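Overview (structure and organization)
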Amino acid sequence: MPLLTKPITAMTFGAGKFVALTNPVLSYAEDQLIFESMISTNGRDWQTHFVDVAPAPEEQGLLYGVNYFSSLVYGNGMFVALAGDFYGTLTSPDGITWTYHLPPSSSEGNGNVRLRYGNGLFVAVNQMRSFVSPDGVSWTDYLDAVPIYQQVLSYGNGTFVAIGDPGTEEGKNVAISTDGILWATHIAPFQGAGVHHLVFGNGVFVATFLNELLGRVAISDDGVTWELIDLPNSDTGTSYDHSIFIADLAFGGGLFVMHEGPRQSAMDRDGRQRTYLSRNGRHWWTVPTPASRGDVYSGYSSDISWRHTTYGNGLFVSAQNTNLFMRSGACVGLADYAEGHYVRVS
């Protein structure tokens, strides 16, 4: 099988290893879904496994809508990936051997689906619907269960939290649930802001934004009551820089890590992207984000974005579209991040 050059579309950690998937491509001649699954225990040394999934004839028509994986999570001894806009799921016990499963009835084609694992359940939400599964294979569709148009989903403190635009209940843009079936809605102070990421850690949920709330995050300990926090301006030390775009957000080892994406004002200062760090979501500090050119490189970059950041085995690992990986220890400081390791995967 030829070497694929598709970008990385999802990454997670489970069973002691990092698993990263590339964008899948459909082989029309053989009706197979083809992608790469890359596996590492340390974020530096990766094994690439070429995967071809051949669904049953009655399942093949759904594969024409699959050109990326919208989510990848680990739970209950299984890696579970959402195929495109919920055109089915792929499951694997080891990140190497993958099996395709049909989606729940009428779920396919619903964009912006997000999947999380918690309370022994896989839960996906989209377009005021929730999908619940104990194993990532058999799903139950709860129509109109989530009365918001969801943008992000997270799990923590025994609760699933979804944030989006108001749906059937005017003004209410947050929904919380313990089982993915029954959801309660609330009003949060960032309607229409375009929530980009939502992560739980150290007892708090942290959300990042697009649109008019660039340069801010929101924090909440229960998903109900939220507080907006200004990010520090990395150049002046003052607060609230509207040009700050957060490309990624993760938590691990007692630390929130956010990678800044390219922004228009980058050349107005020093051309460097920043990484924002916090232990409680309220107080943040910045370090330069190292660049990624060559097999192993330390420097700075203003034209790439690190994404899919995942924590495991005492390390943060981030991916970039050209199959570059960055790794750093959990106790991130100025020296640690400035000397981050970058490895090109071949």
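Up top is the structure these notes are about.
Residues numbered from 1 in each chain as written. Predicted model: local features only at pLDDT ≥ 70, side-chain atom pairs only at ≥ 80, totals over all residues. Heavy atoms only, no water.

1. With respect to the overall build of the chain
Short version of the rule: Here a strand is any run of E in DSSP of at least two residues, a helix any run of H or I of at least four, and the numbering for each starts at the N terminus. To sort residues, take the accessible area from a 1.4 Å probe on protein chains only and compare it with the maximum for the residue type: under 20% means buried, over 50% means exposed, and anything in between is partly exposed. Every residue pair with non-hydrogen atoms within 4.5 Å of one another is taken to be in contact. Computed with a 1.4 Å probe, the accessible areas rest on the Shrake-Rupley method; for each residue, only the protein chains presented here act as cover.
Counting its regular elements, the chain contains one helix and 29 strands. Going through the 346 residues of the chain one by one, you find that 58% of them count as buried. Intrachain contacts of the chain at a sequence separation of at least 6 include 45% that bridge at least 24 residues. In the structure as shown, the chain presents an accessible area of about 13400 Å², 49% of it carried by carbon and sulfur atoms.

2. Digging into the sheet that holds strand β7 (residues 78-83)
Operational definition: At least two DSSP bridges between two strands are needed for those strands to be called paired. All axes here are fitted lines through C-alpha atoms, helices being fitted over the stretch that makes contact, and every angle between N-to-C directions spans 0 to 180 degrees.
Taking strand neighbours across the sheet as the criterion, the four strands line up as β6-β7-β8-β9 in an open arrangement whose pairing is antiparallel. Of all strands in the sheet, those bounded by a partner on one side alone are β6 (69-75) and β9 (99-101). Mean inter-strand twist for the sheet, computed between neighbouring axes without regard to direction, equals 25°. Bridge analysis of strand β8 (residues 89-92) against β9 gives three bridges, and the strand direction is antiparallel.

3. Overview of the packing of aromatic side chains
Aromatic ring pairs are described here by two measures, namely the spacing of the ring centres and the angle between the planes. How we decide: For Phe, Tyr and Trp, rings pair up if their centres lie within 6.5 Å, where Trp contributes its six-membered ring, and each pair is then called stacked (planes under 30 degrees apart), edge-to-face (over 60) or tilted (otherwise).
A full pass over the atoms with the stated rule returns 14 aromatic pairs. Aromatic pair Phe190 and Trp226: ring centres 5.6 Å apart, planes at 85°, arrangement edge-to-face. Here the residue Phe190 occupies a position in the loop between β17 (184-186) and β18 (195-201), and Trp226 occupies one in the loop between β20 (216-220) and β21 (227-230), the gap between them amounting to 36 residues. Here the aromatic residues Phe35, Phe69 and Trp98 are joined through ring pairs into a cluster of three or more.

4. Considering the nonpolar core
The condition that has to hold: Put simply, a nonpolar core is a bunch of buried Ala, Val, Leu, Ile, Met, Phe, Trp, Tyr and Cys residues held in one set by side-chain atoms that sit within 4.5 Å of each other.
In terms of nonpolar packing, the biggest core is built from 20 residues, with Leu21, Phe35, Val53, Leu90 and Trp98 touching the most fellow members. Elements that contribute at least two residues to this core include exactly β2 (17-22), β4 (32-40), β5 (47-53), β6 and β7. In terms of nonpolar packing, the next biggest core, distinct from the first, is built from 16 residues, Val174, Ala188, Leu198 and Phe209 among them.

5. As for the side chain of Asp248
Rule in force here: Neither His nor the chain termini are counted; the positive set is Lys and Arg, and the negative set is Asp and Glu. A pairing counts as a salt bridge when a side-chain nitrogen of Lys or Arg comes within 4 Å of a carboxyl oxygen of Asp or Glu. Residues adjacent in sequence count toward polar contacts only when both atoms are side-chain atoms; beyond that, a polar contact is any pair of N or O atoms within 3.5 Å, and within protein one must be able to donate a hydrogen and the other to accept it.
Here Asp248 is to be found in strand β22 (residues 246-252). Despite being buried, Asp248 has no salt bridge partner; Arg307 is the closest side chain of opposite charge, sitting 6.8 Å away. Here the side chain of Asp248 touches His308 through a polar contact of 3.2 Å, landing on its backbone nitrogen. Here Thr309 takes part through its side chain, which lies 2.4 Å from a polar atom of the side chain of Asp248. If near-sequence neighbours (up to four positions away) are discounted, Asp248 is found in contact with His197, Val257, Met258, His259, Trp306, Arg307, His308 and Thr309.

6. Concerning the layout of surface pockets
Applicable threshold: Definitions used throughout: a 1 Å grid over protein atoms alone; a cavity as a set of points that fits a 1.4 Å probe which cannot get out; a pocket as an open set with protein on both sides within 12 Å along at least five of seven lines; a lining residue as one with an atom within 4 Å of a point. Grid points are joined across faces, edges and corners, and a volume is the space filled by probe spheres set on the points.
Taken as a whole, the largest pocket holds about 1400 Å³ of empty space. Lining the largest pocket are 41 residues, with Met11, Leu72, Arg116, Leu249 and Thr309 sitting closest to its centre.

7. Let's talk about the sheet that holds strand β15 (residues 159-166)
Strands sit in the order β14-β15-β16-β17 across an open sheet of four strands; the sheet is antiparallel. Edge positions in the sheet fall to β14 (148-156) and β17, since each has one partner strand and no second. Each strand axis lies, on average, 25° off the axis of its neighbour in the sheet, ignoring direction. In terms of strand pairing, β15 meets strand β16 (residues 174-177) through four bridges, oriented antiparallel. Considered in β16, the bridge of Ala162 is made with Ala175.

8. A look at the pattern of salt bridges
Tallying each qualifying case throughout the model produces three salt bridges. Between Asp141 and Arg129 there is a salt bridge, with the nearest N and O atoms lying 2.2 Å from each other. Of this pair, Asp141 sits in strand β13 (residues 140-142) while Arg129 sits in strand β12 (residues 129-133); the two residues are 12 residues apart in sequence, bridging distant segments of the chain.

9. Overview of unusual backbone geometry
At Ala15, a position not held by glycine, the phi torsion is positive, near 55°. Residue placement: Ala15 occurs in the loop between β1 (8-14) and β2. Among the residues examined, Ala15 registers a relative accessible area of 52% and is labelled exposed. Backbone geometry at Asn119 places phi at a positive 55°, although glycine is not the residue there. If you trace the backbone, Asn119 turns up in the loop between β10 (114-118) and β11 (121-126). Assessed through its relative accessible area of 43%, Asn119 is described here as partly exposed.

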